[in-house]
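Take a look at the letters that make up each chain.
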Amino acid sequence: MKNYRRCISCRKLAPKDAFWRVVRVHPEGQIQFDEGMGRSAYLCPTADCLRVAQKKNRLGRSLKAAVAPIIYQALWQRLAEPQANPPPASDADLPPRTPPLEI
Ligand SMILES: [Zn+2]
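Below, the structure is looked at part by part. What you see is a predicted model, and the numbers here were worked out from it, not measured in a lab.

### Focus on the sheet that holds strand 3 (residues 20–25)
Strand order in this open sheet of three strands is 4-3-5, and the pairing throughout is antiparallel. Strand pairing shows two members of the sheet lacking a second neighbour, strand 4 (31–33) and strand 5 (38–43), which therefore form its edges. Strand-to-strand twist in this sheet, taken as the mean axis angle between neighbours without regard to direction, amounts to 25°. Note that strand 3 and strand 5 share six bridges and pair antiparallel. Looking at the pairing, Val-25 lines up with Gly-38 of strand 5.

Below, the structure written as structure tokens:
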């Protein structure tokens, strides 16, 4: 059972790669995803578990820190985006910009 983790919402046990990892970085106390040393919480990448984590403040309790709404927003966004194929470039979303003319 090495590298198994438990989801903070549904309590499911799974290899840690199957979860999102939310980290409260030590000593800064900043909350970020995937990387960093500090207190970690694991969450299934599903709407159900994210909803429970947010509604019942599971994430905040697990990390012993206040979790800003923007953190949940970022996770909801992650859920909406396909994980396997990240878009190659974000240029398409930006309005076309004329490069500065070289004189
Ligand atoms: Zn879960």
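Next comes the rest of the write-up.
### Quick look at helix 1 (residues 47–55)
Residues of helix 1 that are buried include every one of Cys-49, Leu-50 and Ala-53, and no others. Along the axis of helix 1, the buried residues cluster in a sector spanning 100°; they form a single face. In this structure, helix 1 carries Ala-47, Asp-48 and Lys-55 as exposed residues pointing more than 90 degrees from its buried face. Note on helix 1: the residue one or two positions beyond its end, Asn-57, has a positive phi of about 55°.

### Side note on unusual backbone geometry
For the bond running from His-26 to Pro-27, omega is 0°, close enough to zero to count as cis. Mapped onto the secondary structure, Pro-27 falls in the loop between strand 3 and strand 4. A positive phi angle, close to 55°, is found at Asn-57, a residue other than glycine. With respect to the helices and strands, Asn-57 occurs in the loop between helix 1 and helix 2 (58–63). The exposure class assigned to Asn-57 is exposed, which follows from the 12 C-beta atoms found within 10 Å.

### Quick notes on the environment of Ala-80
Within the secondary structure, Ala-80 is located in helix 3 (residues 69–80). By the C-beta count within 10 Å, which is 8 here, Ala-80 ends up exposed. Expressed as a C-alpha distance, the spacing of Ala-80 and Ala-47, which sit 33 residues apart in the sequence, is 9.4 Å.

Reading the values: the criteria
Residues numbered from 1 in each chain as written. Predicted model: local features only at pLDDT ≥ 70, side-chain atom pairs only at ≥ 80, totals over all residues. Pairing = 2+ DSSP bridges. Helix = DSSP H or I, 4+ residues; strand = E, 2+ residues; numbered from the N terminus. Axes fitted to C-alpha atoms, helices over the stretch in contact; angles between N-to-C directions. Buried ≥ 20, exposed ≤ 12 C-beta atoms within 10 Å, placed from the backbone. Arc of directions from axis to C-beta.

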